[in-house]
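# Descriptive analysis of the structure
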Amino acid sequence: MRGMAALVLMASFALVCPKSLAADNLVENGDFESGLDGWELFIGPEFRDAGAVATAETTREAAHESTAAAEVKTDLPIRYGISTTRKYLIPVEAGAKYRISGWVKLADGAEAQPGRAAIYIRLGLMQDQNKPTQDPQGNIHVGLKGQVVRTPDWNQLIVTKLPFDWTKIESEVEIPDGHSYVAIGLFVDRIKGAAYWDDIVFEKVSN
Ligand SMILES: [Ca+2]
């Protein structure tokens, strides 16, 4: 009888387990173990139009807690990073709360433009699959200290100390009314050198 109870318990555990324990991470390939699948290079249009260049790849030299991380680099102090592609827009529910987190560090030798440098995760808000936000508050940015900043308050993202060791960015955000998708951007601004990103998680917390 005892063996039977254990079996039944195991069976129900197996049924429940995948759903409750599996990470409900809404980001595809947020750990970069599948290369850059689902991600694309981003260069701020103001710099791209001026001919600035950056590169993105994955590296096995600097992973966070796994074998690979994203490495994005440039020789100029521009705004650059990687973003989830259009194909991987993440459906969200307006008014619901989500937690975004990810790990970042800069390579030795990275240099910031003093008083202007920032590192953040951007939630690019989309009204529908083809229409970026028309909200005057713009997108949602989460800074190194977990500060949640809308576009007009952008200067609250400015950093004075650069993260040369793995640093976690994390915060909860509420999706503003009128938005049904987000794109996730991992951005460095006015810093030249290489940035590593890994273990990006976006999950729903509550309705
Ligand atoms: Ca990884």
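Going by the structure above, here's the rest.
Residues numbered from 1 in each chain as written. Predicted model: local features only at pLDDT ≥ 70, side-chain atom pairs only at ≥ 80, totals over all residues.

### Some words on the overall build of the protein chain
- When helices and strands are tallied, the protein chain shows two helices and 12 strands.
- Going residue by residue from the N terminus, the α and β elements of the protein chain occur as α-β-α-β-β-β-β-β-β-β-β-β-β-β.
- Residues classed as buried in the protein chain amount to 34% of the 207 residues present.
- Here the analysis covers contacts within the protein chain between residues at least 6 apart in sequence; of these, 74% occur between residues at least 24 apart. (Helix = DSSP H or I, 4+ residues; strand = E, 2+ residues; numbered from the N terminus. Buried ≥ 20, exposed ≤ 12 C-beta atoms within 10 Å, placed from the backbone. Contact = placed C-beta atoms within 7 Å.)

### Notes on the nonpolar core
- Counting residues in hydrophobic clusters, the biggest one holds 50 residues, and the most contacted among them are Ala70, Val72, Ile184, Ala195 and Trp197.
- Sorting the residues of this core by element identifies strand 1 (39-43), strand 2 (54-59), strand 3 (69-84), strand 5 (97-106), strand 7 (118-128), strand 9 (140-143), strand 11 (167-174) and strand 12 (181-206) as the ones contributing at least two each.
- It is strand 12 that provides the largest number of residues to this core, a total of 13 residues.
- With residues near it in sequence (within four places) discarded, Trp197 still touches Ala69, Ala70, Gly102, Trp103, Val104 and Leu186. (Core = buried A, V, L, I, M, F, W, Y, C linked by C-beta atoms within 7 Å.)

### Looking at the pairing of strand 7
- Within strand 7, nine of the 11 residues are buried, which leaves the element mostly enclosed by the surrounding structure.
- As paired strands, strand 7 and strand 12 are joined by nine bridges and run antiparallel to one another. Bridge assignment links Leu123 to a residue of strand 12, and that residue is Ile184.
- Both strand 7 and strand 9 contribute to a ladder of four bridges, which runs antiparallel. By the bridge assignment for strand 9, Tyr120 is matched with Gly143. (Pairing = 2+ DSSP bridges.)

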